[in-house]
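Below are the chains, spelled out letter by letter.
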Amino acid sequence: MQALGIDIGGSGIKGAPVNTKTGKLLEERVRIPTPKGAKPKAVAEVVAEIAHSLKWKGPIGVGFPAPIKNGVALMAANVSEKWVGLNADELLTSATGCPCKVGNDADVAGMAEMQFGAGKGQHGTVIMLTLGTGIGSAIYYNGHLVPNTEFGHLQMNGMDAEHRASDAARQLKEMSWKKYAKRLNEYLNEMEKLFWPDLFIIGGGISKYHEKYLPLLTLQAKIVPAQFKNEAGIVGAALYSQGMDVKV
Ligand code: BGC
């Protein structure tokens, strides 16, 4: 089975065809910068451009940075407010001419890791956190997703955790790895106190520098980098176009 996976992020929109039986990309990914303001029409045009450039005809799964119910965005933290209440499945299906299924970006990235990556075969509670422009979260229990958790918006020191501990916050404040690890540790300790997961998986572009900060964390749960690194979003989106649960 094949599906096109598209990952809509704060800075780039990326896509590639994926073999959903193996989780492997079938072609080099295409990346186009996210249009300024990330408004629906402009984003839909970029998604269509990616599908067109790959000559894609078939199912498309899309990871989007907002909670999504039945294709409709419920909130917008890092994209235009115009998405709220809009049926993203319908918008992207009509823009591309292919059946599109949109889900939360972290939920779908978690799906790739649970099926083929760092969470493969893991029973119990797994929390995947994507550290990028914001902080995305996905909780899997015995392979079943609890969709649309928004733990990047957990309040810490009077502000959203994602404004303190995302990769964008690290870059904006030019934090040293030591300082960033301290902040991330505060956040992860809070998450641990609330959920007692068996495993944390850290995704997003920053996962490739994991040696710089994961060893500095003090958690009881095991914590590992995402195996798909920044490609979890593309692979997971493709899987998402074909159903929700993962076999563990
Ligand atoms: C959004 C989440 C998203 C995360 C990562 C947050 O600001 O509210 O839905 O998963 O950013 O993109």
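Keep in mind that this is a model prediction, so the values were computed, not measured. All residue numbers refer to position in the chain's written sequence, counted from 1. Only residues with pLDDT of 70 or above have their local features reported here, since the model is predicted, and side-chain atom pairs are shown and tallied only from 80 upward, although totals for entire chains, interfaces and linings are computed over all residues. For side-chain calculations, the full set of non-hydrogen atoms in the structure is used, while hydrogens and water are omitted.

## Describing empty space enclosed by the protein
Moving on, step 1. In the cavity and pocket records, a cavity denotes points on a 1 Å grid over the protein atoms alone where a 1.4 Å probe fits but cannot get out, a pocket denotes an open set with protein on both sides within 12 Å along at least 5 of 7 lines, and lining residues are residues with an atom within 4 Å of a point. Grid points are joined across faces, edges and corners, and a volume is the space filled by probe spheres set on the points. A complete count under the given rule lists one cavity of 30 Å³ or more for this structure.
Moving on, step 2. Lining the largest cavity are Met156, Ala161, Arg164, Ala165, Arg183 and Tyr187.
Moving on, step 3. In DSSP terms, a helix is any run of H or I states spanning at least four residues, a strand is any run of E spanning at least two, and both are numbered starting from the N terminus. When residues of the lining of the largest cavity are traced back to their parent elements, those giving at least two are helix H4 (161–165) and helix H6 (177–195).
Moving on, step 4. A per-class count over the lining of the largest cavity returns four nonpolar, no polar and two charged. Three classes are used, and their members are as follows: Ala, Val, Leu, Ile, Met, Phe, Trp, Tyr, Cys and Pro are nonpolar, Asp, Glu, Lys and Arg are charged, and the others, Gly among them, are polar.

## Observations concerning the layout of surface pockets
Moving on, step 1. Empty space within the largest pocket amounts to approximately 780 Å³.
Moving on, step 2. Contributing to the lining of the largest pocket are 44 residues, with Gly9, Gly10, Asp105, Gly132 and Thr133 lying nearest its centre.
Moving on, step 3. Listing elements by their share of the lining of the largest pocket, those giving two or more residues are strand E1 (2–8), strand E2 (12–19), helix H3 (105–116), strand E9 (125–131), strand E10 (135–141), helix H5 (167–172) and helix H8 (232–240).
Moving on, step 4. The element contributing the most residues to the lining of the largest pocket is H5, with four residues.
Moving on, step 5. Class assignment of the residues belonging to the lining of the largest pocket gives a composition of 14 nonpolar, 20 polar and 10 charged.

## Examining helix H2 (residues 88–96)
Moving on, step 1. Here H2 has its buried residues at Ala88, Asp89, Leu92 and Thr96. The buried residues of H2 occupy an angular sector of 100° when projected down its axis, which confines them to one face. Those residues of H2 that are exposed and angled more than 90 degrees off the buried face are Glu90 and Ser94.
Moving on, step 2. Residue contacts are counted whenever heavy atoms from the two residues lie within 4.5 Å of one another. On its buried side, H2 packs onto helix H1 (40–53), strand E5 (60–64) and strand E8 (100–104).
Moving on, step 3. Throughout this description, a polar contact denotes any pair of N or O atoms lying within 3.5 Å of each other; where both atoms belong to protein, one of them has to be capable of donating a hydrogen while the other can accept it, and for residues adjacent in sequence the pair is counted only when both atoms sit in side chains. Of the residues that open H2, the one with a side-chain oxygen 3.1 Å from the backbone nitrogen of aspartate 89 is asparagine 87.
Moving on, step 4. Backbone geometry just after H2 places glycine 97 at a positive phi near 75°. The classification of residues rests on relative accessible area computed with a 1.4 Å probe and restricted to protein chains. Under 20% of the type maximum is buried, over 50% is exposed, and intermediate values are partly exposed. The arc under discussion is defined with respect to the helix axis, by the directions toward the C-beta atoms.

This is a description of form; function is not addressed.
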